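Observations on the three-dimensional arrangement
The chain contents come next:
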Amino acid sequence: MTKAQFQISRCGMKGVTAVSADTAHAFGRHTHDQFGIGVIVRGAQKSLSGRGLVEAEAGDVITVNPGEVHDGAPLGERGRAWRMLYFDPTALTGPIRALTDGNPDCAELTRPVLRDPASAAHFLTLFRAMTDPHGGHSEIEGAENLLLLLSRFIEPRDRMRPRVPRAIDRARARIDDDPAAPLSLAELAAIGGISQFQLLRGFAKATGLTPHAYLVQRRLQQARRMIADGAPLANAAIASGFSDQSHMTRLFVRAYGMSPGVYAAAMN
């Protein structure tokens, strides 16, 4: 079994983070608040999300949308390796607007995996341009490859999707407003005027997570942003609503496959 290796770096383009990973870690169900696009470079993996169970192998392009609940496990004892670019939604506003007739808020990455050598080549060129600004790659080359890559994945969202019930939307908004605040199931149910069981069932249907699991993910995302901005780990843990640093660390490793300390060293 290969030893887990993660390399994380900020990119020249604002709001973009690059990750190179080689690991046999099985990631628990988690979410990102970014778009993710990458390529498997060795081995294979399986992942379950709202888009179903998918398998990806070396050469395949993989994607994830902001807020999409997913996991990931290797196929084989030697694990798998991949390269990934994570884009804050604002970083893709311009490119998505160009591909959706001016509607950047109404698009998503529609394919969780794509076996297409041309798209993989566009990604690897983009990855090099993003991570090695002095490596001979021009800004126009990066922009071209980003647009060509996104054009294979970006499609307008179906405007006929069922709307999230107002009670569930209010509960989710309460968590989003202040993930670090102590909350009870009874309080969240009362916000929407429904029973706790109705909240639990409706929330899971709308988000793919129970209210508690969703709260944990939002706390992890807040902690991750604070750590990337240089906050001490203990401070990030408490400010994000965890009982202590060790509590944050256990959940951080489960979701992201690395410790907060490793992430901090890479980002600061």
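Heads up: these notes are all about the structure in this document. (Residues numbered from 1 in each chain as written. Predicted model: local features only at pLDDT ≥ 70, side-chain atom pairs only at ≥ 80, totals over all residues. Heavy atoms only, no water.)

With respect to the pattern of salt bridges
What counts here: What makes a salt bridge here is a side-chain nitrogen of Lys or Arg within 4 Å of a carboxyl oxygen of Asp or Glu, nothing more. The helix count covers DSSP runs of H or I at least four residues long, the strand count covers runs of E at least two residues long, and both are numbered beginning at the N terminus. The rule is simple: take the accessible area with a 1.4 Å probe, protein chains only, and divide by the maximum for that residue type; under 20% is buried, over 50% is exposed, in between is partly exposed.
Evaluated as defined, the whole model comprises nine salt bridges. Residues Asp169 and Arg172 are paired through a salt bridge, measuring 3.2 Å at the closest nitrogen-oxygen approach. Here Asp169 and its partner Arg172 are both found in helix H4 (residues 166–177), three residues apart, which amounts to about one turn of the helix. A relative accessible area of 38% places Asp169 in the partly exposed class. Note that Arg218 is salt-bridged to Asp176, the shortest N-O span being 3.0 Å. In this pair, Arg218 is assigned in helix H7 (residues 211–228) and Asp176 in helix H4, connecting sequence segments 42 residues apart. Residue Arg218 is classed as partly exposed on the basis of its relative accessible area of 21%.

Observations regarding the packing of helix H2 (residues 117–131) against helix H3 (residues 139–150)
Which entries qualify depends on this criterion: Angular values range over 0 to 180 degrees, each being the angle between N-to-C directions of two axes fitted as lines to C-alpha atoms, with helices fitted over their stretch in contact. Take the far helix as the reference: if the near one is turned anticlockwise from it by less than a right angle, the crossing is left-handed, and if turned clockwise, right-handed. We call two residues in contact when some of their heavy atoms are within 4.5 Å. Note on residue categories: nonpolar means Ala, Val, Leu, Ile, Met, Phe, Trp, Tyr, Cys or Pro, charged means Asp, Glu, Lys or Arg, and polar means any other residue, Gly included.
Following both chains from N to C, one finds H2 and H3 inclined at 145°, their axes separated by 9 Å at the closest point. The interaxial crossing formed by H2 with H3 has left-handed handedness. Seen from H2, the contacting residues are Ser119, His122, Phe123, Thr125, Leu126 and Ala129; seen from H3, they are Glu141, Gly142, Asn145, Leu146, Leu148 and Leu149. Of the residues that constitute the contact of H2 with H3, the class distribution is six nonpolar, five polar and one charged.

Some points on helix H9 (residues 245–256)
The periodicity of an α-helix, 3.6 residues per turn, causes residues three or four positions apart to be oriented the same way. The criterion, for reference: Take the residue count of a helix, subtract one, and multiply by 1.5 Å to get its expected span. Note that the arc is defined by the directions from the helix axis to the C-beta atoms.
In a regular helix each residue adds 1.5 Å, so twelve residues correspond to 16 Å; H9 covers 16 Å between its end C-alpha atoms and thus fits that length. The set of residues buried in H9 consists of Met248, Leu251, Phe252, Ala255 and Tyr256. One face of H9 carries all of its buried residues, which in axial projection span an arc of 110°. In H9, the exposed residues that point more than 90 degrees away from the buried face are Arg250 and Arg254. Residues of H9 that are buried make contact with strand S1 (5–10), strand S3 (27–30), H7, helix H8 (233–239) and helix H10 (260–267). Residue Gly257 follows H9 closely and has a positive phi angle near 80°.

Some words on the nonpolar core
The following threshold applies: By nonpolar core is meant a set of buried Ala, Val, Leu, Ile, Met, Phe, Trp, Tyr and Cys residues that side-chain atoms within 4.5 Å join together.
Within the largest apolar cluster, 30 residues are counted, with the highest numbers of intra-cluster contacts made by Leu220, Ile227 and Tyr263. Going through the elements one at a time, S1, strand S2 (16–23), strand S6 (61–64), strand S8 (80–87), H7, H8, H9 and H10 are the ones with two or more residues in this core. For Ile227, the contacting residues outside a window of four places in its chain are Leu233, Ala236, Met248, Phe252, Pro260, Tyr263, Ala264 and Asn268. Counting 25 residues, the second-largest nonpolar core is a separate cluster that includes Ile37, Val39, Leu92 and Leu114.

Focus: the environment of Leu148
In this fold, Leu148 is placed in helix H3. A C-alpha to C-alpha distance of 42 Å links Leu148 and Leu199, two positions 51 residues apart in sequence.

Considerations on the side chain of Gln45
Using the following cut-off: A 3.5 Å cut-off defines polar contacts: any pair of N or O atoms within that distance qualifies, except that in protein one atom must be a possible hydrogen donor and the other a possible acceptor, and neighbouring residues in sequence count only when both atoms are side-chain atoms.
Within the secondary structure layout, Gln45 lies in strand S4 (residues 35–49). Judged by relative accessible area, which is 13%, Gln45 ranks as buried. At 3.1 Å, the side chain of Gln45 forms a polar contact with the side chain of Arg80. Apart from residues no more than four positions distant in its own chain, Gln45 is found in contact with Ile40, Val54, Glu55, Ala56, Ile62, Ala73, Pro74, Leu75 and Arg80.

Here's the deal with the environment of Val41
Turning to its location among the elements, Val41 is positioned in strand S4. For Val41, a relative accessible area of 38% corresponds to the partly exposed category. Remark: the alpha-carbon pair of Val41 and Ala120, spanning 79 residues in sequence, is separated by 9.8 Å. Once residues lying within four places of it in the same chain are set aside, the contact partners of Val41 are Ala58, Ala81, Trp82 and Arg83.

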